[in-house]
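Residue-level listing of the chains:
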Amino acid sequence: MRSKILMYLFIFALLFCIFIYVNDKRILDSKQEKIEQLEDKLSEVELNQEQQSMTTEDYFNLKDNEDAITYFQNNGIETEGLITKIEDAIISKNSASNDNPLVPHAGMEGSMRINKIKVLNHKWIIADFTDGSYWGEVFLTYTIQEDGTPVFNTEKSFLYPKY
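Below you will find a few notes about this structure. (Residues numbered from 1 in each chain as written. Predicted model: local features only at pLDDT ≥ 70, side-chain atom pairs only at ≥ 80, totals over all residues. Heavy atoms only, no water.)

1. A look at the overall build of the chain
- Check the secondary structure of the chain and you find three helices and four strands.
- Walking the chain from its N terminus toward its C terminus, one meets helices and strands in the order α-α-α-β-β-β-β.
- The C-alpha radius of gyration of the chain comes to 33 Å, more than 25% above the 15 Å expected for a compact globule of 163 residues.
- Dimensions along the principal axes, computed over C-alpha positions, put the chain at roughly 110 × 45 × 20 Å.
- Excluding contacts between residues fewer than 6 apart, the proportion of contacts in the chain whose partners are at least 24 apart in sequence is 37%.
- On the chain, roughly 12,200 Å² of surface is accessible, and the fraction owed to carbon and sulfur atoms is 57%.
- Positive and negative charge centroids in the chain, built from 16 and 26 side chains respectively, lie 14 Å apart. (Helix = DSSP H or I, 4+ residues; strand = E, 2+ residues; numbered from the N terminus. Rg over C-alpha atoms; globule rule 2.2 N^0.38 Å. Contact = heavy atoms within 4.5 Å. Areas by Shrake-Rupley, 256 points an atom, 1.4 Å probe, with all protein chains shown as cover. Lys, Arg positive; Asp, Glu negative; His and termini not counted. Charge placed at Lys NZ, Arg CZ, Asp CG, Glu CD.)

2. Here we look at the pairing of strand β2 (residues 124-130)
- By the bridge criterion, six bridges tie strand β1 (residues 113-119) to β2 in an arrangement that is antiparallel. Considered in β2, the bridge of Lys-116 is made with Asp-128.
- The pairing of β2 with strand β3 (residues 135-144) spans seven bridges and is antiparallel. Looking at the pairing, Asp-128 lines up with Glu-137 of β3.
- Remark: four residues form the turn of the hairpin made by β2 and β3, two consecutive strands paired antiparallel; Gly-132 in that turn has positive phi of roughly 105 degrees. (Pairing = 2+ DSSP bridges.)

3. Thoughts on the side chain of Asn-100
- Assignment of secondary structure puts Asn-100 in the loop between α3 (82-91) and β1.
- Separated by 3.4 Å, the side chain of Asn-100 and the backbone oxygen of Ile-90 make a polar contact.
- Leaving out residues up to four positions away in the same chain, Asn-100 has contacts with Ile-90, Lys-93, Asn-94, Met-112 and Ile-114. (Polar contact = N/O pair within 3.5 Å; in protein donor to acceptor, adjacent residues only side chain to side chain.)

4. What to know about the pattern of salt bridges
- The tally for this structure, following the rule as stated, stands at one salt bridge.
- Taking the shortest distance from any N to any O, the salt bridge between Lys-25 and Asp-29 comes out at 3.6 Å. On the criterion of helical spacing, the pair formed by Lys-25 and Asp-29 is a turn pair, its members being four residues apart in helix α1 (residues 2-59).
- The exposure class assigned to Lys-25 is partly exposed, which follows from its relative accessible area of 40%. (Salt bridge = Lys/Arg side-chain N within 4 Å of Asp/Glu carboxyl O. Buried < 20%, exposed > 50% of the residue type's maximum accessible area, 1.4 Å probe, protein only.)

5. Here's the deal with the packing of aromatic side chains
- In the structure shown here, the tally under the stated rule is five aromatic pairs.
- Measuring from ring centre to ring centre gives 6.5 Å for Phe-12 and Phe-16, while their planes differ by 20 degrees; the resulting arrangement is stacked. In this pair, Phe-12 and Phe-16 both sit in helix α1, four residues apart, roughly one turn of the helix.
- We classify Phe-16 as partly exposed; its relative accessible area is 48%.
- In this structure an aromatic cluster arises from ring pairing among Tyr-71, Phe-72 and Tyr-142. (Phe/Tyr/Trp six-rings, centres within 6.5 Å; stacked < 30°, edge-to-face > 60°.)

6. Some details on the nonpolar core
- With 23 residues, the main nonpolar core has Ile-86, Ile-90, Ile-114, Ile-125, Tyr-142 and Phe-152 as its most contacted residues.
- Beyond its immediate sequence surroundings of up to four residues, Tyr-142 is in contact with Leu-62, Phe-72, Ile-86, Val-119, Asn-121, His-122, Lys-123, Trp-124, Ile-125, Val-151 and Phe-152. (Core = buried A, V, L, I, M, F, W, Y, C linked by side-chain atoms within 4.5 Å.)

7. Overview of the sheet that holds β2
- Read across the open sheet, the four strands follow the order β1-β2-β3-β4; overall the sheet is antiparallel. Here the strands that pair on one side only, and so sit at the sheet edges, are β1 and β4 (150-160). Here the average twist between neighbouring strands, direction ignored, is 25 degrees.
- Each of β1, β2, β3 and β4 touches α3; the most contacted strand, β1, lies at about 160 degrees to it. (Axes fitted to C-alpha atoms, helices over the stretch in contact; angles between N-to-C directions.)

Dropping the structure here:
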């Protein structure tokens, strides 16, 4: 009798272990499926955000601004290579011994030179400048003369302290 009780107890424990294993496996598979769905949703959201930020970033860019290109074309200005021409005109004002005249700050530890330029549209440019230690940004307006030469005006600038 005692051996029968032990045998029933063993069978019951075995069935209980099988039940727990199957139930836990089902729960684990369900959670894994939920994780995969959330990962897919997250990658979709990240992709949408990346596309949206690229669209926003490209909005302030002469190359992709149809209104600015139309403005130049209506005024008889060739837009092919215009960004490069503008950037070259700004960079050519850099000098080894003098500050760039478009930067309204005197270099404290060298000459102020413009490094990076972004032509925003048919009127505005933003540029980064530095003397090697101090740095800042300058906001420029520009016009294109009849001969195709850009003329720049410094509107506003920000100089940041040395770290």
